[in-house]
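Residue-level structural notes
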Amino acid sequence: MIKTRALGCGATIGAWIGLLLLIAGNASAQHAPNVLLIVSDDQGTLDLNCYGSKDLQTPNLDALAARGVRFTQFYAASAVCSPSRAAILTGRYPQRAQLPGMAPSRRGREGMPPEQMTIAELLRPAGYRTALFGKWHLGTTMKTGPNNQGFDDFVGFRSGCIDNLSHTFYWDGPPLHDLWRNEQEIWENGTHFSTIIVREAQRFLRENQSRPFFMELAFNTPHYPLQPFDHWREYYEKKLEEPRRSYAAWISTMDESIGKVLATLDELELRDNTLILFVSDQGHSTEERANFGGGNAGPYRGAKFSLLEGGIRVPAIVSLPGKIPQGESRDQLAAQVDFFPTIAEVCGIKLPDRRIDGKTLMPLLKSSAAPTQHETYYWQLGDQWAVREGNWKLVVNGMDTQDKKKLEGSERVFLSDMSRDLTETHNIAAEHADVVDRLTKLHEGWLKDVREQ
């Protein structure tokens with residue numbers, strides 16, 4: 001009755017139709033879930049307080065876990081950046097996504113072929129506005145860039161890492177400035193890159209609050225160079241020793257930045273209709289440029305570049321209030337490739353007619369008793385490879401990057417029973433030659449399959 005009087009007795013039929021269409025449009029926008037994907041860079045397995053670290057300030061990601069489900073056995077698709085990011089966006093093993101190793105950082109180099117379908121390309125035809133702010137590292141040509149892989153809006157860098165104030169890549173050959181808005185190079189010397197990500201994310205949310213969106217925030221933290229906000233550097237100055245001190249400040253810088261974006265979601269009343277997924281691309285770095293460490297893998301052996309647990313077991317959180325339980329954890333095996341089909345299911349979009357290696361996480365998210373969706377899981381990085389089948393895990397030609405050594409001799413073929421030895425320190429390959437043989441054959445069959453694809 002109120003709306004009738006407001007329109008007045010002389011309202012035309014066209015006005016009524018327009019009002020009804022507006023109401024229907026708003027209802028549709030409210031019911032189409034938004035998607036926010038947050039990817040950290042070189043973050044250790046346990047490097048959030050909600051994962052057991054006691055020396056960090058990570059209130060925003062801890063609060064996200066309290067409003068969602070935290071995974072304790074979640075796997076990266078690789079132990080280096082590019083293959084993992086390709087797997088996240090395509091739902092495919094890196095080999096099937098045609099990016100099994102690191103993408104080049106120099107300008108004009110190819111990366112993941114544009115024929116691969118990303119989450120952005122899945123959602124955009126369904127009316128989603130799409131954006132990526134942060135690190136790409138899947139190719140430096142325009143052909144292999146974000147705008148040619150389904151992203152309407154891109155602000156960030158295309159290489160593997162940048163200085164956070166000059167936005168320049170320094171680590172291979174001559175210095176290379178690497179900051180872009182879509183396909184236009186831009187300059188913002190002196191503005192911290194995390195500040196740029198937050199600013200662009202907030203802008204995008206305000207511009208697209210009335211329509212469904214997919215936004216990826218690809219933070220370059222805690223990847224080197226470690227350049228935290230000054231107040232976090234000062235906070236940890238007398239609390240921790242190096243290399244943990246600088247690393248912790250960088251983690252808290254990321255957490256603060258994520259918190260600002262989540263606060264904007266709340267301000268716009270979008271949180272309850274937004275699927276939020278957080279994950280690290282792989283384990284923490286022990287490279288010289290990363291102060292030889294600083295991350296926390298807890299009991300897990302290895303770090304970045306290693307297919308031992310410390311290199312591939314990563315923090316992961318999924319939240320969607322009202323549809324996903326809150327404040328719970330899941331111990332089942334799950335993986336980065338599972339994000340693609342999970343997003344498709346939540347958004348009500350049919351999977352494309354192509355091989356997808358991921359499995360929807362929804363059964364696991366809804367029930368802690370649901371079985372893992374992966375009977376087997378595979379990794380290949382250079383000559384390193386690994387297979388997980390149930391509690392068995394076989395690593396061949398492995399690297400222990402935490403102790404900076406290649407596994408050789410009796411450890412070159414390393415079999416673990418993960419139900420008894422999460423530390424991967426007791427090699428039982430000699431006692432279970434039949435298991436080694438079976439897992440080796442599984443790996444060979446998988447490798448043949450992904451290479452043929």
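Rules behind the numbers
Residues numbered from 1 in each chain as written. Predicted model: local features only at pLDDT ≥ 70, side-chain atom pairs only at ≥ 80, totals over all residues. Heavy atoms only, no water. Pairing = 2+ DSSP bridges. Helix = DSSP H or I, 4+ residues; strand = E, 2+ residues; numbered from the N terminus. Contact = heavy atoms within 4.5 Å. Axes fitted to C-alpha atoms, helices over the stretch in contact; angles between N-to-C directions. Polar contact = N/O pair within 3.5 Å; in protein donor to acceptor, adjacent residues only side chain to side chain. Parallel < 35°, antiparallel > 145°, perpendicular 65-115°, else oblique. Nonpolar A, V, L, I, M, F, W, Y, C, P; charged D, E, K, R; others polar. pLDDT = per-residue confidence, 0-100. Phe/Tyr/Trp six-rings, centres within 6.5 Å; stacked < 30°, edge-to-face > 60°. Buried < 20%, exposed > 50% of the residue type's maximum accessible area, 1.4 Å probe, protein only.

In this section: the sheet that holds strand β5 (residues 153-157). Taking strand neighbours across the sheet as the criterion, the ten strands line up as β9-β8-β5-β4-β10-β1-β11-β12-β2-β13 in an open arrangement whose pairing is mixed. Edge positions in the sheet fall to β9 (184-185) and β13 (328-330), since each of these pairs with one other strand and no more. Taken together, the five bridges between strand β1 (residues 34-40) and strand β10 (residues 213-218) define a ladder with parallel strand orientation. By the bridge assignment for β10, V35 is matched with F214. Sitting on the sheet, helix α6 (residues 193-207) is in contact with β4 (129-135), β5, β8 (180-181) and β10, with an inclination near 175 degrees to β4.

Following the sequence through the fold, T264 ends up in helix α8 (residues 244-267). For T264, the side chain forms a polar contact with the side chain of Q202, separated by 3.1 Å.

Our focus in this paragraph is the packing of helix α3 (residues 59-66) against α8. The N-to-C vectors of α3 and α8 enclose an angle of 55 degrees; their axes lie 7 Å apart at closest approach. Comparing the axis directions of α3 and α8 gives the class oblique. Across from P59, N60 and L61 in α3, the residues of α8 making contact are M254, D255, E256, I258, G259 and L262. Partitioning the contact of α3 with α8 into residue classes produces five nonpolar, two polar and two charged.

Looking at the protein as a whole, the pLDDT averages 93, with 93% of positions reaching at least 70. Below pLDDT 50 for its whole length, residues 1-11 participates in five contacts with residues either more than four positions away or in separate chains. Long-range and interchain partners of residues 14-29, a stretch whose pLDDT sits below 50, account for eight contacts in this model, where long-range means more than four residues apart.

Okay, the sheet that holds strand β16 (residues 384-389) next. On the basis of which strands lie adjacent, the open sheet formed by four strands has the order β15-β16-β17-β20 and antiparallel pairing. Looking along the sheet, the strands with just one partner apiece sit at the ends: β15 (376-381) and β20 (413-417). For this sheet, the mean angle separating the axes of adjacent strands, direction not counted, is 10 degrees. Pairing of β16 with strand β17 (residues 392-396), which is carried by five bridges, proceeds in the antiparallel orientation. Directly across from E389, in β17, lies its bridge partner W392.

Here the focus is the packing of aromatic side chains. Following the criterion strictly, the structure yields 19 aromatic pairs and no others. A ring pair is formed by F74 and F339, whose centres lie 5.5 Å apart and whose planes are at 35 degrees; its orientation type is tilted. With a gap of 265 residues between them, F74 in strand β3 (residues 74-75) and F339 in helix α10 (residues 339-346) connect regions that are remote in the sequence. F74 sits in the buried class, given a relative accessible area of 0%. A residue is classified by how much of its surface remains accessible, and F339, at 0% relative accessible area, is buried.

A separate point is the pairing of β10. When you tally the buried positions in β10, you get six out of six residues, the bulk of the element. When β4 meets β10, the two strands line up parallel, connected through six bridges. Bridged to R129 within β10 is F213.

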